[in-house]
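Okay, here's what each chain looks like letter by letter:
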Amino acid sequence: MHGRTIPWRVETRTKASTAFAMIAALIVVAGIIAPIYLQRSTLQDLFFILTMLVLAQSWNLLAGYAGLVSVGQQAFVGLGAYAMFAGVVLLKLDPMVSILLGGVAAAALAIPAGFFAFRLQGAYFAIGTWVVAEIVRLVVAQWKTLGGGTGTSLPGAATRAMFGTDIVQRLLGIRPAQAVDVICYWLALLLAVATIFTVYRLLRSRHGLALASVRDNQEAARAIGVDARRLKAMVYLTSAFLTGLVGALIYVQKARISPDAAFSVIDWTAYVIFIVVIGGIGTIEGPIVGVLIFFALQKLLADFGSLYLLALGLIGIVIMLFAPQGLWGLFASRTGIQLLPVRRLLRGGPLDN
Amino acid sequence: MSWADTILQGVLLGGLYALFAAGLSLVFGIMRLVNLAHGDLIVLAAYLILVLVSGLGLHPFLAVLIAMPLMFGVGWLLQSYVLNRTLGPDILPPLLVTFGLSVVLQNGLLQAYSADSRRIPAGSLETASVAIGPFNVGVMPMLTFASAVAVILILNRVLYGTELGRAFRATSDDATTAGLMGIRPNRTFAVATGIAMAIVAIAAVFLGTRANFDPTIGPARLIYAFEAVIMGGLGSLWGTLAGGVVLGVAQTVGGAINPEWQILAGHIAFVLVLLARPRGFFPRAVD
């Protein structure tokens, strides 16, 4: 007996993802109005979580989807932050415009850096990116007008005059410094949502399909006309731009910069790698889970200083050895639930009822 | 200080970088594994030697003879129980596990020995120098360079003249076929990493007697080692020495012009070499 035949179609949506999309929309709305009902310290925690999430998503895009393991993300965080400082201090631009400048500067760095690092294969690419970060750090430390090796501070008047602070001040009835925190938080939320959306869209596009094919079999992908090098360069550039933007944003809020802090491999790459590895590399949900666990661990163990990092390193090693797909990967493979699915499913036809 | 003298100091410094790099080069050559904790393992060995020197009152060169088998054991265990599990077509697991190990080692050492900088005392050897022609050359830098040459001579002899070396090369070419011929790849890998760590102990004694060290300097040593390997060309140990010399000379010349440019000059030399000769001076390996 032949039933009604539904035409074949390729889909990525699942029931869980449709439900999640609605919950996610509610979470975002709750996030937007959070400054009304949350304290300043909680907002600062959320700012930290959101900015780390953006860093984790961009590193995951590189390592988890394009196979480009970068240990030099601090180059883009640091350069983005320094470009923002240059915009505010030297060019007298609005901090918000300067954040964009930070993203553009990081993307501009990615062109020569990529040209250089892409000459190194696989594992050597990792150390190559690290060398790039060291070079940028050493060069920036020579920039005397921005404090050289000891660093400098952002003039308080400039951040308090940032676009939107007076409106937020009047709207929420708060002091200027608090208004700056609220705006930074909103920008972090916007950037986190935009990053997840960008990564999701990219992976569902034909470029994402091409990326997956390169990851699974580079020769076969090339044989059907996928230009792996161009794809990887595009991913590298996107990741650099996002990382530069968030680096600049982090330093608007910190308001104090030095080369050693802005180009710290621990803060901007090691933490990020652990977040992605613990949460689940190669998934969009993984970094979200990872950043929440990372934040909880930090709240619990941060007083222990180097022991905390030691524990984090051990957890990362154990997960990589025994559950390389991370906590989210374990959960997804047991339950089959995917909240942000990018895998294409063939639906319809005579088999589908 | 004349330019010729500066360059000579740079050449001798290159010996130290070649010692940093020889173990990295060996391990990569045999199992295509890049150990991101290599620099931190050098620092670990330096602390081990420091403990032997200050605890037992041994001379550093005697202490290194004890440290070498101990570090061989560390490498053997590390490879057998951790790194062998990560080997495969995917490059992510070894990179991320060794990166985690780097963070663990740094913070373990910080916890045990604090962030204070230390130095391995070497008595009168520290300042001893001999006059060679118009130059005054330090005894320690000369010993460093001579050790690097000796290590490379012995390694090449082992690789191309012994049964162990044949097993190394066979496993490197095709681990599965080597396995069919009665070689156990995992055990071969463990021995290779053990040897690399014994070389790391030699590098550590010269690192620790030459200058101050603290638990956080490992990553920079990894980068120098890596630059020497890449500039020299993958698979060539003499190339690694040449790469180390180029790096050392670039650093001392840069430092002579402006002390702040010392490290930067080394990195820039590396980038220039890589742009001009993407596969290094003496490339041998195909990948």
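The structure displayed is predicted, hence computed values, not measured ones.

### So, the overall build of chain A
Argument step 1. Secondary structure summary: chain A contains 17 helices and four strands in total.
Argument step 2. Taken over the C-alpha trace, chain A has a radius of gyration of 21 Å; the compact-globule value for 353 residues is 20 Å, and the two agree within 12%.
Argument step 3. In terms of principal-axis extent, the alpha carbons of chain A reach across some 75 × 50 × 40 Å.
Argument step 4. Sorting the 353 residues of chain A into buried and exposed places 44% on the buried side.
Argument step 5. Long-range contacts, defined as pairs at least 24 residues apart, comprise 76% of the intrachain contacts of chain A with a sequence gap of at least 6.

### A word on the overall build of chain B
Argument step 1. Within chain B, the regular secondary structure consists of 11 helices and two strands.
Argument step 2. Ordered by position in the sequence, the α and β elements of chain B form the string α-α-α-α-β-β-α-α-α-α-α-α-α.
Argument step 3. For a compact globule of 287 residues, the expected C-alpha radius of gyration is about 19 Å, and chain B comes in at 19 Å, within 12% of that figure.
Argument step 4. Within the span of chain B, comprising 287 residues, buried residues form 53% of the whole.
Argument step 5. Contacts spanning at least 24 positions in sequence make up 74% of the contacts within chain B whose residues lie at least 6 apart.

### A few points about the pairing of strand E1 (residues 129-132) of chain B
Residues and elements named next belong to chain B.
Argument step 1. By the bridge criterion, four bridges tie E1 to strand E2 (residues 135-138) in an arrangement that is antiparallel. Within E2, the residue paired with Ile132 across the bridge is Phe135.
Argument step 2. The hairpin turn running from E1 into E2, its antiparallel successor, is two residues long, and Gly133 in that turn takes a positive phi close to 60°.

### What to know about the interface of chain A and chain B
Argument step 1. Listed as interface residues are 34 residues of chain A and, on the opposing side, 30 residues of chain B.
Argument step 2. For the side of chain A that touches chain B, the secondary-structure elements that each account for two or more residues are helix H6 (122-140), helix H14 (265-279) and helix H16 (306-322) of chain A.
Argument step 3. Considering every element that reaches the side of chain A that touches chain B, the biggest residue donor is H6(A), with 11 residues.
Argument step 4. Here the side of chain A that touches chain B is built from residues that sort into 26 nonpolar, six polar and two charged.

### Points about the nonpolar core
Argument step 1. The biggest cluster of nonpolar side chains holds 210 residues, and the ones touching the most others in it are A:Leu249, B:Leu19, B:Ala45, B:Ala46, B:Ile49, B:Val200 and B:Ala201.
Argument step 2. Top contributing element to this core by residue count: helix H8 (residues 185-210) of chain B, with 16 residues.
Argument step 3. In this view, B:Val200 contacts B:Gly23, B:Leu41, B:Ile42, B:Ala45 and B:Met71; residues no more than four positions away in its chain are not counted.

### A look at the packing of helix H4 (residues 74-90) of chain A against helix H5 (residues 95-117) of chain A
Geometry of a packed helix pair, given as the angle between the helix axes and the separation of the axes.
All names here are of chain A.
Argument step 1. Across the interface, H4 lies against H5 with an axial gap of 7 Å and an inter-helix angle of 135°. The angle between H4 and H5 falls in the class oblique. In this structure, H4 meets H5 at a crossing whose hand is right-handed. Facing Ala75, Phe76, Leu79, Gly80, Ala81, Ala83, Met84, Gly87 and Val88 of H4, the residues of H5 in contact are Pro95, Val97, Ser98, Ile99, Leu101, Gly102, Gly103, Ala105, Ala106, Leu109 and Ala113.
Argument step 2. Classifying every residue of the contact of H4 with H5 by side-chain character gives 15 nonpolar, five polar and no charged.

### Side note on helix H15 (residues 285-301) of chain A
Argument step 1. Helix length check: H15(A), at 17 residues, gives a terminal C-alpha distance of 24 Å against a target of 24 Å (1.5 Å per residue), a fit within 8%.
Argument step 2. Next to the buried residues of H15(A) lie helix H3 (40-66), H14 and helix H17 (326-335) of chain A.

### Thoughts on the environment of A:Leu309
Argument step 1. With respect to the helices, strands and loops of the structure, A:Leu309 is situated in helix H16.
Argument step 2. Separated by 106 residues in the primary sequence, A:Leu309 and A:Leu203 place their C-alpha atoms 32 Å from one another.
Argument step 3. For A:Leu309, the residues in contact, after removing those within four places along its chain, are B:Val103 and B:Asn107.

### Some details on unusual backbone geometry
Argument step 1. Phi is positive for A:Lys92, which is not a glycine, with a value near 55°.
Argument step 2. Tracing the backbone shows A:Lys92 in the loop between H4 and H5.
Argument step 3. Given 10 C-beta atoms within a 10 Å radius, A:Lys92 is considered exposed.
Argument step 4. At B:Ser114, a residue that is not glycine, the phi angle is positive and equals roughly 60°.
Argument step 5. When you line up the elements, B:Ser114 lands in the loop between helix H4 (92-113) and E1.

### Quick notes on the packing of H15(A) against H17(A)
Residues and elements named next belong to chain A.
Argument step 1. Between H15 and H17, the shortest axis-to-axis distance is 7 Å and the interhelical angle comes to 125°. Classified by the interaxial angle, the pair formed by H15 and H17 is oblique. Here H15 and H17 pass one another in a crossing that is right-handed. Between H15 and H17, the residues in contact are Glu285, Gly286 and Val289 and Gly326, Leu327, Trp328 and Gly329, respectively.

### A few points about H4(B)
All names here are of chain B.
Argument step 1. For H4, which comprises 22 residues, the first-to-last C-alpha distance of 31 Å matches the rise-based estimate of 32 Å (1.5 Å per residue) to within 8%.
Argument step 2. Most of H4 is tucked away, with 16 of its 22 residues classed as buried.
Argument step 3. Within two residues after H4, Ser114 carries a phi angle of roughly 60°, on the positive side.

### Section: the confidence of the model for chain A
Argument step 1. For chain A, the average pLDDT comes to 89, and 97% of its residues sit at 70 or higher.
Argument step 2. The element-level mean pLDDT for chain A is lowest in strand E4 (residues 345-349) of chain A, coming to 70, with H4(A) highest at 95.

### With respect to the environment of B:Val151
All names here are of chain B.
Argument step 1. Mapped onto the elements of the fold, Val151 is located in helix H5 (residues 139-161).
Argument step 2. Taking the C-alpha atoms as reference points, Val151 and Ile202, 51 residues apart in sequence, are found 9.1 Å from one another.
Argument step 3. If we skip the residues at most four places from it in the chain, Val151 touches Leu19, Ala22, Ile199 and Ile202.

### Some thoughts on the confidence of the model for chain B
Argument step 1. Per-chain confidence: chain B averages 91 in pLDDT, with 99% of residues scoring 70 or above.
Argument step 2. Ranking the helices and strands of chain B by mean pLDDT puts helix H3 (residues 60-81) of chain B first, with 96, and helix H7 (residues 175-180) of chain B last, with 85.

### Observations concerning the environment of A:Phe20
Argument step 1. Of note, A:Phe20 is situated in helix H1 (residues 15-32).
Argument step 2. Along the sequence, A:Phe20 and A:Leu339 sit 319 residues apart, while their C-alpha atoms lie 5.9 Å from each other.

Procedures and definitions
All chains use their own residue numbering, which begins from 1 and follows the written sequence. For naming, the first written chain is A and the first written ligand is 1, with later ones following in the order written. Where local features are concerned, this predicted model is filtered to residues with pLDDT of at least 70; where side-chain atom pairs are given and counted, the filter is 80 or more; whole-chain, interface and lining totals use all residues. The helix count covers DSSP runs of H or I at least four residues long, the strand count covers runs of E at least two residues long, and both are numbered beginning at the N terminus. Put simply, the radius of gyration uses C-alpha atoms, and a globule should come to 2.2 Å times the residue count raised to 0.38. Using C-beta atoms placed from the backbone, we call a residue buried if 20 or more other C-beta atoms fall within 10 Å of its own, exposed if 12 or fewer do, and partly exposed for counts in between. By the criterion used throughout, residues are in contact when their C-beta atoms, derived from the backbone, lie within 7 Å. In this scheme, strands are said to pair when DSSP sees at least two bridges between them. Each residue is assigned to one class: nonpolar for Ala, Val, Leu, Ile, Met, Phe, Trp, Tyr, Cys and Pro, charged for Asp, Glu, Lys and Arg, and polar for all the others, Gly among them. In this usage, the nonpolar core is the set of buried Ala, Val, Leu, Ile, Met, Phe, Trp, Tyr and Cys residues whose C-beta atoms join them within 7 Å. Each axis is a line fitted through C-alpha atoms, and for a helix only the stretch in contact is used; angles between axes span 0 to 180 degrees, taken between their N-to-C directions. Each angle receives one of four descriptions, namely roughly parallel if under 35 degrees, roughly antiparallel if over 145, roughly perpendicular if within 65 to 115, and oblique otherwise. Should the near helix be turned counterclockwise from the far one by less than a right angle, the crossing is left-handed, whereas a clockwise turn marks it as right-handed. Here the expected length of a helix is defined as 1.5 Å per residue gap, with one fewer gap than residues. Confidence of the predictor at the level of single residues is captured by pLDDT, which takes values from 0 to 100.

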